[in-house]
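Analysis of the macromolecular model
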Amino acid sequence: MFHADSALKPSFTEAAVLLMAMVIIMTTSILKFDASPHIPVLLVIIMLLCYGAFKKVAYRTMEQGLVDGAKSGLAAIFIFFFIGILISAFMLSGTIPTLIYYGFNIISGHYFFAIVFVVACIIGAAIGSSLTTTATIGVAFIGMAQAMDLSLAITAGAIVSGAFFGDKMSPLSDTTNLASSIMDVDLFEHIKNMAWTTIPAFVISVIVYGVLSPTGKDVDASSVHNFQQALLSTNLIHWYALLPIVLLVLFALKKVPAIPTLIIGSVFAIALSYGHHSYTGGQLMDMLFNGFKSKTGVEEIDALLSRGGMSSMFFTISLVILALGMGGLLFKLGIIQAVLMKIERIFNSVGSAITGAAATAIGVNFFIGEQYLSILLPSETFQKQFEKVGLANKNLARTVEDAGTVVNPLVPWSVCGIFIAGVLHVNTVDYAPFALFCLLSPILTIIFGWTGKTLTYLKK
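Here we summarise the structure given alongside this text.

**Some remarks on the overall build of the protein chain**
Scanning the protein chain from N- to C-terminus turns up 23 helices and zero strands. For 460 residues, the compact-globule formula gives about 23 Å, and the C-alpha radius of gyration of the protein chain, at 23 Å, lands near that figure. Seen through its principal axes, the protein chain has C-alpha atoms that stretch 65 × 50 × 40 Å. Going through the 460 residues of the protein chain one by one, you find that 58% of them count as buried. Relative to all contacts within the protein chain whose residues are 6 or more apart in sequence, the contacts with residues 24 or more apart total 80%. Entry remark: accessible area of the protein chain is about 18700 Å², with carbon and sulfur atoms responsible for 67%. With 24 positive and 24 negative side-chain charges, the protein chain shows a spacing of 11 Å between the two charge centroids.

Here you go:
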């Protein structure tokens, strides 16, 4: 099935050993030595190149694998550039500062994490983009948590959970449309079917976030008031600064592609900024590239508002290129194919087939770090297996979303994990244990697989 594009056909044992070595390199480097994820990814690439050379694979062939893997991320890379500009524009216009300011008026320490999760769910479902949700409302919530001296790890976990609820359940989401289209399932039928696992995960997450939230007594009201006053002193707090958010939602509802939406949203936000501040052309260009720099003299405000710009995405982009290049090399050497070909044969019952598809989706996220491939590969691998055990296609579509889409942000070297850590300034390993919705979704889909509940069977 997969060997056509591979230069080797390694045995399952050989491939499994290489993947295990890869996991050891990744986890040891990041968790024990606190290394930037670029280094372990590069070490894995070197290991794979050495393996390929030992197997007498031409260097040009392996190089092509690296290039092909990196090419698959070009669309995301261009989006990252424009998101960097959008964040700067939203700072210039006062959009994010205004969200933070008004957010303090309606959000207190009571059930703070639960409220963050629910609001992120709503925005994520409306926009259909987890990354845009995280980069806008997510940044605002992190600012609130900083001012209220609340856990940034739990806050980030709640943001990520809500954003990926939207990425999974919105009819505007790329991943949702991808999963339904490749499985030939009606989009809204797919969303309806996902509700069986999504609603329990949502409810459990709300309850746990509510329990984790501090009481009002734990929040220093005076510090929040002082923070709001400092925000007002920036002259960035204006009602009209919220209009770019409205524009993003309208464009999402009209299904305008991501890049045009980001461009128009940025231009609109920049135009609004001239309602309260006049920037020279040079200043504007500098801020779009290097990010907005707050100079209020209040350390907390300046740290919160000084962000964005194309340059802020360079760390993310360079790591995405390396991670996807590593994935391309794994494919070119036939390592991923060897594992997939082996595992698809051993799942011959309903529960085991769903568990296998979910495990494969999770594995693709960890070994390749690419969200779309975590949907595509398990779908292609397990479609016939699901038919053999009598399951309809929409079960597989749900499974790969439950274990593929929402797991990507939990992996430090994945596309989403890298981006979110960079935007929120919270390490992936810190927020992952608190991304409850993302953790619960694959667990619930496997449980329902073994109990047979909520499954749709083929008509005999």
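**A closer look at the packing of aromatic side chains**
A complete count under the given rule lists 13 aromatic pairs for this structure. Between the aromatic rings of Tyr101 and Tyr102, the centroid separation amounts to 5.4 Å while the plane-to-plane angle is 75 degrees, which identifies the pairing as edge-to-face. The exposure class assigned to Tyr101 is buried, which follows from its relative accessible area of 16%. With centroids separated by 6.5 Å and ring planes inclined at 40 degrees, the aromatic side chains of Phe117 and Phe437 adopt a geometry described as tilted. With Phe117 in helix H6 (residues 112-127) and Phe437 in helix H23 (residues 436-451), this residue pair connects regions lying 320 residues apart in the sequence. There is no split in this pair, since Phe117 and Phe437 are both buried. Through a chain of ring-to-ring contacts, three or more aromatic side chains come together here, namely Phe117, Phe165, Phe202, Tyr209 and Phe437.

**A few points about a nonpolar patch on the surface**
A cluster of nonpolar side chains, contributed by Ile199, Val203, Ile204, Ile207, Val208, Val211 and Leu212, occupies part of the molecular surface with about 580 Å² of accessible area. If you trace the backbone, Ile199 turns up in helix H10 (residues 187-212).

**A closer look at the packing of helix H1 (residues 12-32) against helix H17 (residues 335-343)**
At their nearest, the axes of H1 and H17 sit 9 Å apart, and the two run at 120 degrees to each other. Classed by the angle they form, the pair H1 and H17 counts as oblique. In the packing of H1 onto H17, the handedness of the crossing is left-handed. Between H1 and H17, the residues in contact are Phe12, Ala15, Leu18 and Leu19 and Ile335, Ile336, Ala338, Val339 and Lys342, respectively. For the contact of H1 with H17, the residue count by class is eight nonpolar, no polar and one charged.

**Some words on the pattern of salt bridges**
Evaluation of the coordinates by the stated rule reveals four salt bridges. A salt bridge links Arg60 to Glu63; the nearest nitrogen and oxygen atoms lie 3.0 Å apart. Of the two residues, Arg60 and Glu63 are both situated in helix H3 (residues 59-71); the distance of three residues between them amounts to about one turn of the helix. Under the relative-accessibility criterion, Glu63 is labelled partly exposed at 27%. Across the pair Asp402 and Lys168 runs a salt bridge, and its minimum N-O distance is 2.3 Å. Here Asp402 is found in helix H20 (residues 393-405), whereas its partner Lys168 is found in helix H8 (residues 152-169), with 234 residues between them in sequence. With a relative accessible area of 0%, Lys168 lands in the buried category.

**Side note on the packing of helix H19 (residues 371-388) against H20**
Look at H19 against H20: their axes get within 9 Å of each other, and the N-to-C directions meet at 150 degrees. The way H19 lies across H20 gives a crossing that is right-handed. Contacts between H19 and H20 pair Gln371, Ser374, Ile375, Pro378, Ser379, Phe382, Gln383 and Phe386 from the former with Asn393, Asn395, Leu396, Thr399, Val400, Glu401, Gly404 and Thr405 from the latter. Each residue belonging to the contact of H19 with H20 can be placed in one class, and the counts come to six nonpolar, nine polar and one charged.

**Let's talk about the layout of surface pockets**
Reported here for the largest pocket is a volume of approximately 810 Å³. Lining the largest pocket are 35 residues, and of these Ile79, Ser129, Asp174, Ala258 and Tyr372 lie nearest its centre. Of all the elements in the fold, those that place two or more residues in the lining of the largest pocket are helix H4 (74-93), helix H7 (130-147), helix H9 (174-182), helix H12 (243-253), helix H13 (258-273), H19 and helix H21 (415-424). For the lining of the largest pocket, a count of residues per class yields 20 nonpolar, eleven polar and four charged.

**Concerning H4**
For H4, built from 20 residues, the straight-helix expectation of 28 Å at 1.5 Å per residue is met to within 8% by its first-to-last C-alpha distance of 29 Å. Just beyond H4, the residue with positive phi is Gly94, at close to 90 degrees.

**Examining the side chain of Ser93**
Here Ser93 is to be found in helix H4. For Ser93, a relative accessible area of 0% corresponds to the buried category.

**Remarks on the state of the cysteines**
Here the structure, examined in full by the defined rule, presents zero disulfides. You can see Cys438 has no disulfide; the closest cysteine sulfur is in Cys416, sitting 9.7 Å from it.

Calculation notes
Residues numbered from 1 in each chain as written. Predicted model: local features only at pLDDT ≥ 70, side-chain atom pairs only at ≥ 80, totals over all residues. Heavy atoms only, no water. Helix = DSSP H or I, 4+ residues; strand = E, 2+ residues; numbered from the N terminus. Rg over C-alpha atoms; globule rule 2.2 N^0.38 Å. Buried < 20%, exposed > 50% of the residue type's maximum accessible area, 1.4 Å probe, protein only. Contact = heavy atoms within 4.5 Å. Areas by Shrake-Rupley, 256 points an atom, 1.4 Å probe, with all protein chains shown as cover. Lys, Arg positive; Asp, Glu negative; His and termini not counted. Charge placed at Lys NZ, Arg CZ, Asp CG, Glu CD. Phe/Tyr/Trp six-rings, centres within 6.5 Å; stacked < 30°, edge-to-face > 60°. Patch = residues over 30% accessible without salt bridge, like charges linked within 9 Å, V, L, I, M, F, W, Y side chains within 5 Å. Salt bridge = Lys/Arg side-chain N within 4 Å of Asp/Glu carboxyl O. Axes fitted to C-alpha atoms, helices over the stretch in contact; angles between N-to-C directions. Parallel < 35°, antiparallel > 145°, perpendicular 65-115°, else oblique. Left-handed = near helix turned anticlockwise from the far one by under 90°. Nonpolar A, V, L, I, M, F, W, Y, C, P; charged D, E, K, R; others polar. 1 Å grid on protein atoms, 1.4 Å probe; cavity = no way out; pocket = protein on both sides within 12 Å on 5 of 7 lines; lining within 4 Å. Points joined across faces, edges and corners; volume = space filled by probe spheres on them. Expected span 1.5 Å × (residues − 1). Disulfide = S-S within 2.5 Å.

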